[in-house]
Amino acid sequence: MAAQCVTKVELTIACTNLLDKDVGSKSDPLCVLLQNTSGQQWYEVDRTERVKNSLNPKFAKKFLIDYYFELVQKLKFGIYDIDNKTFDLNDDDFLGEFECTLGQIVSSRTLTKPLVLKNGRPAGRGSITITAEEVKDNRVVVLEVEARKLDNKDFFGKSDPYLEFHKQTADGNWVMVHRTEVIKNNLNPVWRPFKISLNSLCYSDMDKSIKVVECYDYDSDGSHDLIGSFQTTMSKLKEASRSSPVEFECINEKKRQKKKNYKNSGIVSVKHCEIIVECTFLDYIMGGCQLNFTVGIDFTGSNGDPRSPDSLHYLSPNGVNEYLTAIWSVGMVIQDYDTDKMFPAFGFGAQIPPSFQVSHEFPLNFNPSNPFCHGIQGIVDAYRACLPQLKLYGPTNFSPIINHVARFAAAATQQQTASQYFVLLIITDGVITDLDQTRAAIVNASKLPMSIIIVGVGGADFDAMEFLDGDNGVLRSPSGEPAVRDIVQFVPFRKFQNSPKEALAQCVLAEVPQQVVNYFSTYKLQPPKNPAA
């Protein structure tokens, strides 16, 4: 699924100690921003103004860029000394460049790095500082609404009312932005409190018209009956309080024209209206939250003997297989959000040296006291090194490795801030043995700062995995306890066999930012450093 809400990030650029290419005066620099699509093609996104006679320019023009967590977005900043009127930069002096990802910039919020020349050597003492800020209005309106004395639908008992909120677009059309739940059989309904972003409700404009429409629900034939409507603004709604609610008459134009003594079709009462500020994913990331990445790899016998070309663990002549491709794809995105780049990596379901006992959570580097691999390449190297030493066995137990990461996530909750979030990637050929224990482990983990991504490799039947991914109903533990949030994302690798290499990560990571926000906002945890400060 594509990311629904694109976050925009504004980048501010400054440089120090640029090379001086002008005789008799200082360089006149500008900064150009290039973006890389997959592959080696760089294209220009935008450029700043030219700053005259400065080796330490602070550029006023900012770069606005769409941010996607689930993509590696490669950026290159080029600094040029502009001496002529042409748009082409090839005839201008090159003062250095810097290449990075947008993820690296947002996870450090301010990044200062040396500029390099085209040959990779330092561009004198030149450096670039890039500061990121999210462009957003993260104000949210919380509303509590009730109604009374609604007109009854004439036949059969009472009515089932609900409300719709509409905002007016620039061309004068009304679009629905929120619909409450239906309340059965009640002419004095009290709806559940609800939240809606200020931008969605009224384009963040306190005086823009909001139309509230009240309707009846006919379940039987799907049609709806208008009770009445009224218009208001956020300025007016904001005056509501429990002691003095803001009240509106619901007017039904047709009835008003027909009846001489028509007053209204009911009263809608707003008892509570509050504007609150909610943290976004980037508020947490820029505020110092670390994403901790752990990998769990399935070494059970059903994968097939790694020496045989039809095994899922067989390394092709160029040294890859589906397990490694999945690690690279997901790891390349997540590594930007973890400062130390040390990733624990585990295997399960194999007999391991020296005694060849079966283990359901062994470090790939066989070092229990230090299971960390340096960088994504470190995980790949550890996987390749341990493979010939293992005997693939069984059964396929997920719960030990989920509980292992959950212990670290539980320890992190002691800090009482949004400082750590854990992402566990499990790669498996699918047939899970300890389904009940795994269900219990996931329900427990749903209360902790963690998400689980399961990638299914090979051609197995992945029904059990689909069941763990709570998209079609809430996952429950064997004792009946429901997961407090959906933290499992499952995808079969075969769906991406013919897709570009970024597609797998896009699919499995798209839900992570929302899961991070849901967790920290539910437990009212703030980022360790206040990004606004």
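Everything quoted here is computed from the prediction, not taken from an experiment.

K.L.:
Could you clarify how one ought to interpret the packing of helix α6 (residues 322–334) against helix α11 (residues 502–509) in this entry?
P.N.:
Packed helices, taken two at a time, are described by their axes: the angle between them and the distance between them. Remark: α6 packs on α11, axes separated minimally by 8 Å, with the N-to-C direction vectors making an angle of 65°. The crossing of α6 and α11 is right-handed. Only Leu504, Ala505, Val508 and Leu509 of α11 make contact with α6, whose side of the interface consists of Ala326, Ser329, Val330, Val333 and Ile334. Residue composition of the contact of α6 with α11, by class: 8 nonpolar, 1 polar and no charged.

K.L.:
Teacher, can you tell me more about the pattern of salt bridges here?
P.N.:
A pair can form between side chains of opposite charge whenever their charged atoms are brought close. Tallying each qualifying case throughout the model produces 20 salt bridges. One salt bridge in this structure joins Arg179 and Glu164, with 3.2 Å as the shortest N-O distance. Here the residue Arg179 occupies a position in strand β11 (residues 174–179), and Glu164 occupies one in strand β10 (residues 161–168), the gap between them amounting to 15 residues. With relative accessibility at 45%, the residue Arg179 sits in the partly exposed group.

K.L.:
Could you clarify how one ought to interpret the sheet that holds strand β19 (residues 350–352) in this entry?
P.N.:
In a beta sheet, neighbouring strands pair by backbone hydrogen bonds and run either parallel or antiparallel. The strand order β20-β19-β23 describes an open sheet built from 3 strands, whose pairing is antiparallel. This sheet does not close on itself; its edge strands, each paired only once, are β20 (357–359) and β23 (391–392). By the bridge criterion, 2 bridges tie β19 to β23 in an arrangement that is antiparallel. Directly across from Gln351, in β23, lies its bridge partner Lys391.

K.L.:
Any chance you could explain the domain arrangement of the chain here in plain terms?
P.N.:
Accessible area lost during the coming together of the parts is what is often quoted as the interface size. As assigned here, the chain comprises domain 1 (7–135), domain 2 (139–277) and domain 3 (282–523). Its C-alpha centre places domain 2 at a distance of 46 Å from the equivalent point of domain 3.

K.L.:
Which parts of the structure should I look at to understand the sheet that holds strand β15 (residues 246–249)?
P.N.:
The 4 strands lie next to each other as β12-β9-β16-β15, forming an open sheet whose pairing is antiparallel. Edge positions in the open sheet fall to β12 (194–197) and β15, since each of these has one partner strand only. Within this sheet the neighbouring strands show an average axis-to-axis angle of 35°, counted without direction. Where strand β9 (residues 139–148) and strand β16 (residues 267–277) come together, 10 bridges link them in antiparallel fashion. Its bridge partner lying in β16, Val142 is registered against Glu274.

K.L.:
It is not clear to me how α11 should be interpreted in this structure. Could you clarify?
P.N.:
Count 3.6 residues to each turn of an α-helix, and residues three or four apart come out pointing the same way. With 6 of 8 residues buried, α11 lies mostly within the body of the structure. Those residues of α11 that sit buried are Ala503, Leu504, Ala505, Cys507, Val508 and Leu509. Packing partners of the buried residues in α11 comprise α6, β25 (450–456), β26 (488–492) and α12 (512–522).

K.L.:
Explanation requested: unusual backbone geometry in the structure shown.
P.N.:
A negative phi holds for most residues other than glycine; trans holds for most peptide bonds. In this structure, the amide linkage connecting Pro353 to the following residue, Pro354, adopts the cis form with an omega of 0°. Structurally, Pro354 can be placed in the loop between β19 and β20. The omega torsion of the bond from Gly394 to Pro395 falls at -10°, within 30 degrees of zero and hence cis. Assignment of secondary structure puts Pro395 in the loop between β23 and α8 (399–412). Despite not being glycine, Asn53 shows a phi value in the positive range, around 50°.

K.L.:
Before we go on, may I ask you to explain the side chain of Ser54 in this structure?
P.N.:
Looking at where Ser54 falls in the secondary structure, it is placed in the loop between β3 (42–47) and β4 (63–67). At a separation of 3.1 Å, a polar atom in the side chain of Ser54 contacts the main-chain amide nitrogen of Asn56. Residues contacting Ser54, with those up to four places away along its chain left out, are Leu18, Lys26, Ser27 and Pro29.

K.L.:
Help me understand the packing of α6 against helix α7 (residues 375–386), please; the structure alone is not making it clear to me.
P.N.:
At their nearest, the axes of α6 and α7 sit 10 Å apart, and the two run at 165° to each other. Considering their axes alone, α6 and α7 lie roughly antiparallel with respect to each other. Regarding α6 and α7, the two cross each other, and that crossing is right-handed. Here Tyr323, Leu324, Ile327, Trp328, Gly331 and Met332 of α6 lie close against α7, whose contacting residues are Ile376, Gln377, Ile379, Val380, Tyr383 and Arg384.

K.L.:
Whenever I open this one, the nonpolar core confuses me. Can you help?
P.N.:
Soluble, globular proteins show a tendency: their nonpolar side chains are buried together. Membership of the largest hydrophobic core comes to 88 residues, with the highest contact counts inside it found for Leu11, Phe77 and Phe299. With 7 residues, the top contributor of residues to this core is α6. Two domains each put at least three residues into this core: domain 1 (7–135) and domain 3 (282–523). One finds Leu150, Val212, Cys250 and Val270 within the second-largest nonpolar core, a separate group that totals 30 residues.

K.L.:
Please explain α8 as it appears in this structure.
P.N.:
Between its first and last C-alpha atoms α8 spans 20 Å; for 14 residues at 1.5 Å apiece the expected length is 20 Å, and the two agree. Burial in α8 covers these residues: Ser399, Pro400, Ile401, Ile402, His404, Val405, Ala406, Ala409 and Ala412. Here the buried face of α8 lies against β17 (290–298), β18 (342–348), β24 (420–428), α9 (435–445) and β25.

K.L.:
Help me understand the environment of Phe467 in this model?
P.N.:
By the secondary structure assignment, Phe467 is in helix α10 (residues 463–468). Here the alpha-carbon distance between Phe467 and Leu435, two residues 32 residues apart in the chain, equals 10.0 Å. Contact partners of Phe467, with chain neighbours within four places excluded, come to Leu435, Arg439 and Leu475.

K.L.:
Sorry, what's going on with the packing of aromatic side chains here?
P.N.:
Inspection of every chain in the model, using the stated rule, returns 18 aromatic pairs. Taking 6.0 Å as the distance between ring centres and 75° as the angle between the ring planes, the aromatic pair formed by Tyr421 and Phe520 counts as edge-to-face. Taken as a pair, Tyr421 in strand β24 and Phe520 in helix α12 lie far apart in primary sequence, 99 residues in all. Overall, the relative accessible area of 1% leaves Phe520 in the buried class. Put simply, the rings of Tyr284, Tyr421, Tyr519, Phe520 and Tyr523 touch in pairs and so form one group of aromatic residues.

Calculation rules
Residues numbered from 1 in each chain as written. Predicted model: local features only at pLDDT ≥ 70, side-chain atom pairs only at ≥ 80, totals over all residues. Heavy atoms only, no water. Axes fitted to C-alpha atoms, helices over the stretch in contact; angles between N-to-C directions. Helix = DSSP H or I, 4+ residues; strand = E, 2+ residues; numbered from the N terminus. Left-handed = near helix turned anticlockwise from the far one by under 90°. Contact = heavy atoms within 4.5 Å. Nonpolar A, V, L, I, M, F, W, Y, C, P; charged D, E, K, R; others polar. Salt bridge = Lys/Arg side-chain N within 4 Å of Asp/Glu carboxyl O. Buried < 20%, exposed > 50% of the residue type's maximum accessible area, 1.4 Å probe, protein only. Pairing = 2+ DSSP bridges. Domains from an automatic or database assignment. Polar contact = N/O pair within 3.5 Å; in protein donor to acceptor, adjacent residues only side chain to side chain. Parallel < 35°, antiparallel > 145°, perpendicular 65-115°, else oblique. Core = buried A, V, L, I, M, F, W, Y, C linked by side-chain atoms within 4.5 Å. Expected span 1.5 Å × (residues − 1). Phe/Tyr/Trp six-rings, centres within 6.5 Å; stacked < 30°, edge-to-face > 60°.

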